[in-house]
Amino acid sequence: MQEYISKQVQIMRPAEQIYQVISRFDNLTPALQGRVEDWQATEDSCSFKAKGFTVGLKMVERVEPKHVKITGDGVPIDFAFWVQLHKVDETDTRLRLVLHTELNMMMKMMIGSKLQQALDQVVDGIAGAMR
């Protein structure tokens, strides 16, 4: 299983406040509706279309205010990723994403670096939305 780790970003907000947003998919609806196709979300799951494929995600673990674990739901590649929060002080939180996935050698060569770039872009997007 391969592990990809995003860069760490600083968000000048309490970890508890950030956790309240990232721990529910339905909290992301205002930010994502209209940016992705066919966005649907409940507290614990979401789905959307990406490049013609439906992607399903579900939250399988929440540890307040430290992390949430998300897995694919009905997608062809097994993966899990964590949104991790590290509380530096009351208004300084560091955030990063960690992706675990099983890719064969060919897939790893084709998309490994793209996954790393995508994680960094997503973490920048989350940080930007939280500022």
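The present account deals with the structure reproduced in this document. (Residues numbered from 1 in each chain as written. Predicted model: local features only at pLDDT ≥ 70, side-chain atom pairs only at ≥ 80, totals over all residues. Heavy atoms only, no water.)

As defined by bridge partners, strand β4 (residues 45-50) adjoins strand β5 (residues 53-63) across six bridges and the pair is classed as antiparallel. In the strand pairing of β5, F48 is matched with V55. Joining the antiparallel neighbours β4 and β5 is a turn of two residues, in which K51 adopts a positive phi near 55°. Counting the residues in the hairpin turn of β5 and strand β6 (residues 67-72) gives three residues. (Pairing = 2+ DSSP bridges. Helix = DSSP H or I, 4+ residues; strand = E, 2+ residues; numbered from the N terminus.)

A separate point is the environment of Q40. With respect to the helices and strands, Q40 occurs in strand β3 (residues 37-41). Excluding its chain neighbours within four sequence positions, the residues that come into contact with Q40 are S45, C46 and S47. (Contact = heavy atoms within 4.5 Å.)

Within the largest apolar cluster, 27 residues are counted, with the highest numbers of intra-cluster contacts made by I18, L57, V68, I70, V83 and L95. Secondary-structure elements contributing two or more residues to this core are β2 (9-11), α1 (15-22), β4, β5, β6, β7 (79-89), β8 (92-101) and α3 (105-130). With four residues, α3 is the largest single contributor of residues to this core. Ignoring sequence-local partners within four residues, the contact set of V68 consists of Y19, I22, S23, M59, E61, R62, F81, W82 and V83. (Core = buried A, V, L, I, M, F, W, Y, C linked by side-chain atoms within 4.5 Å. Buried < 20%, exposed > 50% of the residue type's maximum accessible area, 1.4 Å probe, protein only.)

Once that is clear, we can look at the pattern of salt bridges. Within the structure shown, the criterion is met by eight salt bridges. Two residues, D44 and R62, come together in a salt bridge whose shortest N-O distance is 2.6 Å. In this pair, D44 sits in the loop between β3 and β4 while R62 sits in strand β5, placing the two residues 18 residues apart along the sequence. Classification of R62 by relative accessible area gives partly exposed; the value is 32%. Several salt bridges converge on common partners, so that one network encompasses E16, K87 and E90. (Salt bridge = Lys/Arg side-chain N within 4 Å of Asp/Glu carboxyl O.)

For the rest of this paragraph, the subject is α1. Each α-helix turn comprises 3.6 residues. Residues three or four places apart therefore point the same way. Taken as a whole, α1 has its buried residues at A15, I18, Y19 and I22. Buried positions in α1, seen along its axis, are confined to an arc of 100° and lie on one side of it. Next to the buried residues of α1 lie β2, β5, β6, β7, β8 and α3. (Arc of directions from axis to C-beta.)

What follows covers the side chain of S6. With respect to the helices, strands and loops of the structure, S6 is situated in the loop between β1 (2-5) and β2. Within the local environment of S6, its side chain forms a polar contact with the backbone nitrogen of L97, the two atoms lying 2.8 Å apart. When residues no more than four places from it in sequence are discounted, the contact partners of S6 are R96, L97, Q116, L119, D120 and V123. (Polar contact = N/O pair within 3.5 Å; in protein donor to acceptor, adjacent residues only side chain to side chain.)

So, about the environment of E64. Along the chain, E64 falls in the loop between β5 and β6. Ignoring anything within four residues of it in the chain, the contact list for E64 reads Y19 and Q20. There is a polar contact of 3.0 Å between the side chain of E64 and the side chain of Q20.

Here the focus is unusual backbone geometry. Residue P65 is reached from E64 by a cis peptide bond, and omega for that bond is -15°. For D38, which is not glycine, the phi dihedral falls at a positive 55°. Among the structural elements, D38 can be located in strand β3.

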